[in-house]
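Here's the letter readout for the chains.
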Amino acid sequence: MTERVSEIYIGLMSGTSVDGVDAVVADFSAAPLRRVAAAYLPFPTGLRDELIGLQRAGEDEIHRAALAANALMDRCAEAVATVLTRAQLASKTVAAIGLHGQTVRHRPELAYSVQLANPARLAERTGITVVADFRSRDIAAGGQGAPLVPAFHGVMFGGSRAHRVVVNIGGIANLTDLSPDGTVRGFDTGPGNALLDAWCERHLGQPFDRDGAWAAGGKLLPRLLAELESDRYFALAPPKSTGRDYFNLQWVERHLQSAYSAEDVQRTLVALTARTIAAAARAHCSGATEFLVCGGGANNAMLMRELESSLAPRRVASTAAYGVPVTEVEALAFAWLARETLAGRAGNLPAATGASGPRVLGAIYRA
Ligand SMILES: Nc1ncnc2c1ncn2[C@@H]1O[C@H](COP(=O)(O)OP(=O)(O)O)[C@@H](O)[C@H]1O
Ligand SMILES: [Mg+2]
């Protein structure tokens, strides 16, 4: 009797918002997949602070990064245990985990991008094969190593007669253009939640502005908005990707000339996120009529209103309206990427990353 190959994969995503880890169990035996269970585990404050601290130069970084990676893996192992319990599945039924790790530096122009992880530790903790380090091979092949999710967006939301664009609003925002002729392209548009979160944390001491309520009470600052929108990143032609290395509080502060009220700046940063996404779509996805929004930013009501008005009259809806909860899309993408790697198939999309060709991504740590 031949053993059936498991089609069950786990995706673990911890993105540039540095908020926590999203975990999903997906079964690929039903095309394109069946979502089995999901869980979200926020980072304990100490771990979050350390992961954010490691985004810039500091003392004894190598040691601190190694310890943070270990702590991150322990949180990831908890997330795996939680989703497996919810799915009522044993670890041995899982083919592999797709582990993103935590980006602490993204410098494709210098040919590197660093995701903190210790996949060996996660494999030991879970007893499951782990696929990790998805970005380095694409970068070695001349790509940006990002975004890696467009191919999956194509699998999940492509094939429609409508010209769709998937917009993921994480710390950084990226979009995927799904043309009805089957062409898939994608790139990072710029800041998503990262600036909103950082400004809110500084002035209110809260990790994010829930539903954009604070921003909604502020006034738009047109001069500041114009100044922020004039940043050269927004005018760059794709393929392009960015990170917190570039879009951070220092970037905002460089543009602050007058003594603006903090609330008005928050309001203006919401407009910046929405308008730069809309401008990128107008410039590079002409003819698109349907916008599917995912990532935590889709839960920010103020940001969604702003995005709708920037994209009107095009239809804007969350991916939940298309059957996938907004916080699960990126984690599902990493489950899918792990499966592509185990099958020996390329996971990158050269049209999105700029790599010289398709590449099998990541490294495999066998259970
Ligand atoms: N109710 C909400 N109101 C406003 N912002 C929210 C809400 N829920 C989530 N977010 C935003 O979403 C972020 C998390 O989104 P996520 O998709 O996990 O991003 P990443 O992939 O970068 O980690 C939070 O940091 C916060 O900015
Ligand atoms: Mg997150």
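Let us look at the structure shown here. Quantities reported herein were computed from a predicted structural model and do not represent experimental measurements.

Take the packing of helix α11 (residues 262-284) against helix α12 (residues 301-311) next. Two numbers describe a pair of packed helices, the interaxial angle and the distance between the axes. For the pair α11 and α12, the least separation of the axes is 9 Å and the interaxial angle reads 40°. Relative to α12, the element α11 lies oblique. Here α11 runs over α12; the crossing is right-handed. Seen from α11, the contacting residues are Arg 267, Val 270, Ala 271, Thr 273, Ala 274, Arg 275, Ile 277, Ala 278, Ala 281 and Arg 282; seen from α12, they are Met 302, Leu 303, Glu 306, Leu 307, Ser 310 and Leu 311. Here the residues of the contact of α11 with α12 are counted per class, giving 10 nonpolar, 2 polar and 4 charged.

Within a sheet, each strand pairs with its neighbour through backbone hydrogen bonds, oriented either parallel or antiparallel. Read across the sheet, 5 strands follow the order β10-β9-β8-β11-β12 without closing on themselves; strand pairing throughout is mixed. Either end of the sheet is taken by a strand with one partner, and the two such strands are β10 (184-191) and β12 (315-318). Taken over all neighbouring pairs, the strand axes of this sheet differ in orientation by 20° on average, direction set aside. In this sheet, strand β9 (residues 172-178) lies alongside strand β8 (residues 164-169) in antiparallel orientation, the contact comprising 6 bridges.

This model, assessed by the stated rule, comprises 8 aromatic pairs. With centroids separated by 6.3 Å and ring planes inclined at 80°, the aromatic side chains of Tyr 233 and Phe 234 adopt a geometry described as edge-to-face. Aromatic pair Phe 247 and Trp 251: ring centres 5.0 Å apart, planes at 70°, arrangement edge-to-face. Trp 251 shares its class with Phe 247; the two are buried.

This part covers the sheet that holds strand β7 (residues 130-132). As summarised here, the arrangement of the 6 strands in space is β3-β2-β1-β4-β7-β13, forming an open sheet in which the pairing is mixed. Each of the sheet's edge strands pairs with one partner strand only, and the pair in question is β3 (34-42) and β13 (363-365). Looking at each pair of strands side by side, their axes are set apart by 20° on average, direction ignored. Relative to strand β4 (residues 96-99), strand β1 (residues 8-13) runs parallel, the two sharing 4 bridges. If you follow Tyr 9 over to β4, its bridge partner there is Ala 96. Along the sheet face, helix α2 (residues 61-87) touches β1, β2 (20-27), β3 and β4 and points at about 140° away from the line of β3.

Thresholds applied
Residues numbered from 1 in each chain as written. Chains lettered and ligands numbered in written order. Predicted model: local features only at pLDDT ≥ 70, side-chain atom pairs only at ≥ 80, totals over all residues. Heavy atoms only, no water. Axes fitted to C-alpha atoms, helices over the stretch in contact; angles between N-to-C directions. Helix = DSSP H or I, 4+ residues; strand = E, 2+ residues; numbered from the N terminus. Parallel < 35°, antiparallel > 145°, perpendicular 65-115°, else oblique. Left-handed = near helix turned anticlockwise from the far one by under 90°. Contact = heavy atoms within 4.5 Å. Nonpolar A, V, L, I, M, F, W, Y, C, P; charged D, E, K, R; others polar. Pairing = 2+ DSSP bridges. Phe/Tyr/Trp six-rings, centres within 6.5 Å; stacked < 30°, edge-to-face > 60°. Buried < 20%, exposed > 50% of the residue type's maximum accessible area, 1.4 Å probe, protein only.

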